[in-house]
Every structure is written in C-alpha cells, then in structure tokens.
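# Examining the three-dimensional arrangement
The residues making up each chain are set out below.
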Amino acid sequence: MSDDIAFWLDYLTNGKHLTWYASFQFTIFAALFGGTLAVVFGLIGATLKNSQFWPLRLIGSTYSSIVRGVPDVLFFLFFPLAFEQAVEWFLATQVCSPEAIALQSAAWPPCKEANWFLGTPEYLILASVSLGIVYGAFATNVIHGAMRAVPKGQLEAARAYGMSLAQVMWRVHIRQMWVYALPGLSNVWMLIVKATSLLSLLQIADIVLWADRLGAPNFLPTVGLVHEDWRWRYYLVLFVFYILVTLVSEKAFGALMNRAGRGILNEAR
C-alpha cells in the first residue's frame, strides 16, 4: 500500500506533470484575454452597425457577417500565420537588400535578419487576439440586438435633457443594454472557453497537448512499461476542469445579471 502511494506521489509530481499543471494558465489567460477582446470588438462592431452613416454600418455588418461564416479553426490558424508573415515582410523591406528580395524564391524570409522567432508568449497573444476577433463578431450581433431592445423612451428622454448623440450612446444606451446582452454574451464566453482547446494548433504546449503526451503509453528502458494508454484518464481530468469552469461562469454571469437588471427589475415590479 505504501509503495503504491509513493509511486503515485512520485509519478504525479514529476517534471512533466508539473509542466502540465502550469499549462492551465495558458488556457485561462487565452479565455480571459480573448473574452475581453471579444467584448471590445463586439461593442465597436455594434456601434458601427447602429451608426447613421452607411459606410460605417457596412463595415460593422461586413465584419459580423463574414467573420461568423469562417470556420473557427481556419481563422484561428490563418490570423497568426498571416500576421507573422506580414511582420516578416515589413522587416524584410527594412533590413534585407533589394537583391535578396528579388532573388527570393520559395524560402521566406529572404534574409535571416528578417526572421521573426515566435515563442509561447507571442503565440498565446496572437491566439487570444484571434479568439477576440472571431467571437467579437458573435458579440457584435448580441450587443446590436440588445441595443435595439433598450426602450426608445429612455433615449428620447436623454436627448431631451440636452445630451449629445455620443453621450446618449455611451452613458445611456450602452449602459442600459447590458441586461439584454449578458445572456447572449454568456453563450459567447462558453464558446471561447471551449475554443481554448485549439491552442495546441499554434505550437502552444497547453493542457490538451500535455494530456495527450502524458496519457500515451510510457516506456522507459530501465523500468519497462510504466503505464499503457491512459489518455482517457487525462481527458477525463480536462472534462472535469471545463465543467468546473462552466459552473463558475454560470454563477458569475448570474451575479452580473442581477446587478445589471436591478433597476429594470424594480421598475417592472
């Protein structure tokens, strides 16, 4: 019995498992940062869609329509790669000789000085921005619908008090729309949390990648077979983790709903 306990303590506290535990911070950071950017992009997109100028409305509608129609995985891979090569192209125009650029064939960038080496922090930020852009399109529709649900009488009253259009938008309209937007935004948040499982596609050693590595059959020359295929056990841990995140998120959004709808609920009563 004591030998089994010692084995599990030693196994679950080795270097690889400690790295796996630390990788949970990547998932949490991507979800929080990506969710924050999604709300920011959603506010901007909804504001553009509500604009009185048709070019701005066209930009907002195009953003929410096109980005929502692109598969998440495709955009998740496209944006970081396109951004990386755009930066390298700009650096190449600054540090590479014209001859090197003219002779460039399949190799990229044309000179090693223009090569931009990305590590986990850079890929994590690009992944979070990708999540924000993709799900900001969904948040745009949610916020746009919530803004249309705000009673027009409140906006007319604000204008009657002498507020400008910008003041009515940011001080009254957007503040009142949260009670209508939060249920939809909670769904967007859960989509972002689930999409964090794609981080390994960008060479980020996240919880999914480590679960696959640790759960695979482990063989050591000096010991032999340490364990067989245990991936289902590690995936079960991830399953429980995402369920806990879901429960905490539901409690948090419930508290936000109660706070945002306090005045409106009192008026309804």
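Residues numbered from 1 in each chain as written. Predicted model: local features only at pLDDT ≥ 70, side-chain atom pairs only at ≥ 80, totals over all residues. Heavy atoms only, no water.

### Here we look at the overall build of the protein chain
Along the protein chain, the regular secondary structure elements total 12 helices and 2 strands. Counting from the amino terminus, the protein chain carries its helices and strands in the arrangement α-α-α-α-α-α-α-α-α-α-β-β-α-α. Residue burial in the protein chain is summarised as follows: out of 269 residues, 36% are buried. By element, 66% of the accessible surface of the protein chain is carried by carbon and sulfur atoms, the whole surface being about 16100 Å². (Helix = DSSP H or I, 4+ residues; strand = E, 2+ residues; numbered from the N terminus. Buried < 20%, exposed > 50% of the residue type's maximum accessible area, 1.4 Å probe, protein only. Areas by Shrake-Rupley, 256 points an atom, 1.4 Å probe, with all protein chains shown as cover.)

### Let's talk about the pattern of salt bridges
Using the criterion set out here, one finds 2 salt bridges in the structure. When the shortest N-O distance is used, the salt bridge between D212 and R231 registers 3.7 Å. Pair noted here: D212 is in helix α10 (residues 207-215) and R231 is in helix α11 (residues 231-260), with a separation of 19 residues, a long-range link. We note a salt bridge from D229 to R231, for which the minimum N-O separation is 2.6 Å. Look at D229 and you get partly exposed, because its relative accessible area is 34%. The network of salt bridges with common partners includes D212, D229 and R231. (Salt bridge = Lys/Arg side-chain N within 4 Å of Asp/Glu carboxyl O.)

### Describing helix α5 (residues 72-95)
Over its 24 residues, α5 extends 35 Å from the first C-alpha to the last, a length consistent with the 34 Å expected when each residue adds 1.5 Å. Turning to α5, its buried residues number three or more, namely F75, F76, F79, P80, E84, E88 and A92. (Expected span 1.5 Å × (residues − 1).)

### Examining the environment of A149
With respect to the secondary-structure elements, A149 resides in helix α7 (residues 120-149). Residue class for A149 comes out partly exposed when judged on its relative accessible area of 36%. Between the C-alpha atom of A149 and that of V179, which follows or precedes it by 30 residues, the distance is 9.8 Å.

### A few points about the nonpolar core
Core analysis: the largest hydrophobic core is formed by 23 residues, its most contacted members being F76, L131, Y135, L199 and I204. For this core, the secondary-structure elements that each account for two or more residues are α3 (24-49), α5, α7 and α9 (165-195). Among the elements that make up this core, the one with the highest residue count is α7 (9 residues). Residues contacting I204, with those up to four places away along its chain left out, are F26, T120, Y123, L124, A127, L199 and L209. In terms of nonpolar packing, the next biggest core, distinct from the first, is built from 19 residues, Y11, M190, L214 and F253 among them. (Core = buried A, V, L, I, M, F, W, Y, C linked by side-chain atoms within 4.5 Å. Contact = heavy atoms within 4.5 Å.)

### A closer look at the side chain of H17
Inspection of the secondary structure assignment puts H17 in helix α2 (residues 15-22). Among all residues touching H17, those that are not within four sequence positions of it are Y11, L12, L214 and Y234.

### Let's talk about the packing of aromatic side chains
This structure, assessed with the given rule, holds 11 aromatic pairs. Geometrically, the ring pair formed by F29 and F33 is tilted, given 5.6 Å between the ring centres and 40° between the ring planes. In this pair, F29 and F33 both sit in helix α3, 4 residues apart, roughly one turn of the helix. Residue F29 is classed as partly exposed on the basis of its relative accessible area of 36%. (Phe/Tyr/Trp six-rings, centres within 6.5 Å; stacked < 30°, edge-to-face > 60°.)

### Digging into a nonpolar patch on the surface
A cluster of nonpolar residues, W232, L236, F239, V240, I243, L244 and L247, forms a patch on the protein surface that exposes about 710 Å² of accessible area. Tracing the chain through its elements places I243 in helix α11. (Patch = residues over 30% accessible without salt bridge, like charges linked within 9 Å, V, L, I, M, F, W, Y side chains within 5 Å.)

### Examining the packing of helix α4 (residues 54-69) against α7
Contact geometry of α4 with α7 gives a least axis separation of 8 Å together with a crossing angle of 125°. Looking at the two axes, α4 sits oblique to α7. Once α4 is placed against α7, the crossing between them reads as left-handed. Residue-level inspection shows Y63, S64, V67 and R68 of α4 in contact with α7, the latter providing G132, I133, V134, G136, A137, F138, T140 and N141. Considered class by class, the residues forming the contact of α4 with α7 number 6 nonpolar, 5 polar and 1 charged. (Axes fitted to C-alpha atoms, helices over the stretch in contact; angles between N-to-C directions. Parallel < 35°, antiparallel > 145°, perpendicular 65-115°, else oblique. Left-handed = near helix turned anticlockwise from the far one by under 90°. Nonpolar A, V, L, I, M, F, W, Y, C, P; charged D, E, K, R; others polar.)

### Topic: the confidence of the model for the protein chain
Mean pLDDT over the protein chain stands at 84; residues scoring 70 or higher make up 89%. The secondary structure element of the protein chain with the lowest average pLDDT is helix α12 (residues 262-268), at 53, and the one with the highest is α3, at 94. Contacts for the low-pLDDT stretch residues 265-269, under 50 throughout, to residues beyond four places or in other chains number 0 contacts. (pLDDT = per-residue confidence, 0-100.)

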